[in-house]
Amino acid sequence: MLRSLYHCWRLFAVVRTMSRYRVLQPMLAAGRAPFPLKWAISSFALFTGKAKGVDGLANGERLARALEALGPAYVKLGQAMATRPDMLGVDMSRGLAQLQDKVGAFPTSDAKRIIEEDLGEPVTKLFREFGERAIAAASIAQVHRATTSDGREVAVKVLRPGIKPRFRRDLSTFRWAAGVIERYFEGARRLRPIAVVDTLADSVALELDLRLEAAGASELSDAMSGDPDYKVPEIDWARTSERILTTEWMDGVPLTDTSGLEAAGIDRKRLAEIAVEIFLKQAMRDGYFHADMHQGNLIALPDGRLGAVDFGIMGRLDRDSRRYLAEILYGFITRDYRKIADMHFEAGYVPADRSVDDFATALRAIGEPIMGRPISQISIGRLLAQLLATTETFDMRTQPHLIMLQKTMVMVEGVAFSLDRNANMWEIAAPVLEGWAKDNLSPEVLVADEIRKRGAQLMALPDALDRSMALLGRAERLIDQVNGQSNPTSTPGSTAGWVAGAGLLFLLGLMIGVLA
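About the criteria used
- Residues numbered from 1 in each chain as written.
- Predicted model: local features only at pLDDT ≥ 70, side-chain atom pairs only at ≥ 80, totals over all residues.
- Heavy atoms only, no water.
- Helix = DSSP H or I, 4+ residues; strand = E, 2+ residues; numbered from the N terminus.
- Buried < 20%, exposed > 50% of the residue type's maximum accessible area, 1.4 Å probe, protein only.
- Contact = heavy atoms within 4.5 Å.
- Areas by Shrake-Rupley, 256 points an atom, 1.4 Å probe, with all protein chains shown as cover.
- Salt bridge = Lys/Arg side-chain N within 4 Å of Asp/Glu carboxyl O.
- Expected span 1.5 Å × (residues − 1).
- Pairing = 2+ DSSP bridges.
- Axes fitted to C-alpha atoms, helices over the stretch in contact; angles between N-to-C directions.
- Phe/Tyr/Trp six-rings, centres within 6.5 Å; stacked < 30°, edge-to-face > 60°.
- Lys NZ or Arg CZ within 6 Å of the ring centre and 35° of its normal.
- Arc of directions from axis to C-beta.
- Polar contact = N/O pair within 3.5 Å; in protein donor to acceptor, adjacent residues only side chain to side chain.
- Core = buried A, V, L, I, M, F, W, Y, C linked by side-chain atoms within 4.5 Å.
- Parallel < 35°, antiparallel > 145°, perpendicular 65-115°, else oblique.
- Left-handed = near helix turned anticlockwise from the far one by under 90°.
- Nonpolar A, V, L, I, M, F, W, Y, C, P; charged D, E, K, R; others polar.

## Thoughts on the overall build of the protein
When its secondary structure is counted, the protein shows 22 helices and 11 strands. Counting over 516 residues, the protein shows a buried share of 46%. Taking as baseline every contact in the protein between residues at least 6 positions apart, the subset at least 24 positions apart corresponds to 67%. Carbon and sulfur atoms form 57% of the exposed surface of the protein, whose accessible area is close to 26400 Å².

## A closer look at the pattern of salt bridges
Scanning the model with the defined rule gives 33 salt bridges in all. Residue K231 pairs with E248 through a salt bridge whose shortest N-O separation is 3.4 Å. Highlighted residues: K231 in strand β5 (residues 230–231) and E248 in strand β6 (residues 244–248), separated in sequence by 17 residues. With relative accessibility at 26%, the residue E248 sits in the partly exposed group. Counted as one network, the salt bridges with shared partners bring together D110, R113, E117, D118 and R243.

## Structural notes on helix α4 (residues 59–70)
The end-to-end C-alpha separation of α4 is 17 Å, in line with the 16 Å expected for 12 residues at 1.5 Å each. Listed in full, the buried residues belonging to α4 are G60, R62, L63, A64, A66, L67 and L70. One or two residues past the end of α4 sits G71, with phi positive at roughly 125 degrees.

## A short note on the sheet that holds β5
Strand order in the open sheet formed by 4 strands is β5-β10-β9-β7, and the pairing between neighbours is mixed. Each edge of the sheet is formed by a strand with only one pairing partner; in this case those strands are β5 and β7 (253–254). With 2 bridges connecting them, β5 and strand β10 (residues 306–308) associate as parallel partners. For K231, the partnering residue across the bridge sits in β10 and is G307. Lying over the sheet, helix α14 (residues 268–286) contacts β5, β9 (298–300) and β10, oriented at roughly 50 degrees with respect to β10.

## Focus on the packing of aromatic side chains
One pass over the structure, following the stated rule, counts 4 aromatic pairs. Arranged with centres 6.0 Å apart and planes meeting at 75 degrees, the rings of F345 and F359 form a pair that is edge-to-face. Of this pair, F345 sits in helix α16 (residues 337–347) while F359 is found in helix α17 (residues 356–367), placing the two residues 14 residues apart along the sequence. Like F345, the residue F359 is buried in the burial classification. Positioned above the aromatic ring of F127 is the side chain of R239, whose terminal nitrogen or guanidinium carbon lies 5.8 Å from the ring centre.

## A short note on helix α8 (residues 108–119)
Between its first and last C-alpha, α8 extends 16 Å over 12 residues, near the 16 Å set by a 1.5 Å rise per residue. Looking at α8, one finds that the buried residues are T108, A111, I114, I115 and L119. Viewed end-on, α8 has its buried residues packed into an arc of 120 degrees, placing them on one side of the element. Contacts from the buried residues of α8 go to α9 (123–126), β1 (127–130), β3 (141–148), β4 (153–159) and β6. Positive phi shows up at G120, right after α8, with a value of about 75 degrees.

## As for the side chain of K157
Positionally, K157 belongs in strand β4. Relative accessible area serves as the criterion here: at 15%, K157 is assigned to the buried category. At 3.0 Å, the side chain of K157 and the side chain of E213 are in polar contact. Contacts of K157, omitting those with residues within four sequence positions, involve A141, Q142, V143, L210, E213, R243, I244, L245 and D310.

## Examining the nonpolar core
Y230 and L255 are the most contacted members of the largest nonpolar core, which totals 81 residues. Looking at this core, the element that brings in the most residues is α14, giving 10 residues. Not counting the four nearest positions on each side in its chain, L255 is found in contact with L261, L271, Q295, L298, I299, A300, L306, V415 and L419. If you look at the next biggest cluster of nonpolar residues, it comprises 17 residues, including F332, I340, V350 and L363.

## Thoughts on unusual backbone geometry
With phi around 65 degrees, D310 is a residue other than glycine that occupies positive phi space. Tracing the chain through its elements places D310 in the loop between β10 and β11 (314–316). Classification of D310 as partly exposed rests on a relative accessible area of 27%. Located in the positive-phi region is R335, a residue other than glycine, with phi close to 60 degrees. Looking at the element boundaries, R335 is found in the loop between α15 (319–333) and α16.

## Concerning the packing of α16 against α17
Relative orientation and spacing of two packed helices are given, respectively, by the angle between their axes and the distance between those axes. Relative orientation of the contacting elements α16 and α17 amounts to 120 degrees, with a least axis distance of 8 Å. Taken together, α16 and α17 sit at an angle that is classed as oblique. The way α16 lies across α17 gives a crossing that is right-handed. Only V356, D357, F359, A360, L363, R364 and G367 of α17 make contact with α16, whose side of the interface consists of Y337, R338, I340, A341, D342, H344 and F345. Taken together, the residues of the contact of α16 with α17 sort by class into 8 nonpolar, 2 polar and 4 charged.

Coordinates in, geometry out; function isn't part of it.
If you want it as structure tokens, here you go:
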């Protein structure tokens, strides 16, 4: 009871901020909220006042401003929700996509104190020079440029003081609210709000331990070591801890600096192609991808390579998900909508009682308008709206493990468009997907995968048989005991025979199930 009251009080503060930014009133007006609720919200707005600078902003932009005012956890929630137009609508999601995770820097003295606490040595011993001003500051951490004691140029990322307890508190409220929504609003269960919050919590947990970010960067570097067009900075493990991440400094032009790219003579068309190709290689080939590939985290290096920074958000796809995704994307490229529909049903994305043919027709309505057109002529809003309608019509459930992938695909498309307004993501993607399909979807590879799966199941069979025999032995003794009490004339042999027969049938069924 007290816990619910605590979360209700915290949500009241959220409602107050939303009201100040005039977020709730348009949402209620557009929905089917009862008149008393609309009247209460409108009256509440009279007491909260209005935040500065909200006049003239679209609904989604006002929501983004409100979330920025509420703090870092709400910014992260908004960024996650930007990939879910099925929850908030296309206009709101478009506004949330503009969320800026930029805040004022905390004092450099605090950054130095954290470094000395975590690494156990004075900053002057660890670094020959340490920048007195942060070069970048976000809700979770800020970055300083420095020179190590042995003369290497590095970037030092330091976690914001007090950020962990604040995130724990806010995520606890998010999870409670998601549970209430799933319990009392049946229509929202398909959207799986608890799963969305859990995905957000997992992502934030990685960002709040910079050792995990360092490990993610190291793993990505190993996976991409054979790709000459991409660079991940080296980790300085001796100057890295839970709250500190030190990496190699990379000189180059951030992709946000369009005039700098022009002045440096960067081949922007080729850079757009590299961004798309690298993302698809990471996601499809390796199943491990940089899930925060916006322009601010990408650098054009002098030698033409694409450099990446900030590995706090990483995504994974298992082999089956990669296969489904490759076939679905390749199906759009080849206009094989029946194949795409079949893959959705095989993956369990669409309930089995729905019509495959009808779903293929709906996919055709989505795919045909975008085929062969440059990004500049594709309305992402219209595409998302059509996907939304398909989701509602066919009762597709949200796939939490694909949320990051969807978000990153939108980011990469935006990067490509910012570099080359005539870029076509589908044309760039085709060779990568074809190569992956050739290496992974041939009959020989699929048969080998099936043998590998069955082999793993067979290896586990002896343990399952041992457990089953032990269980049958206990059942036999229990039945003998019961029969002895209720029917003194019954013989243990008959009971044992019954148990043995049942056991053989059980074991036979188990083996058939494994080998089927």
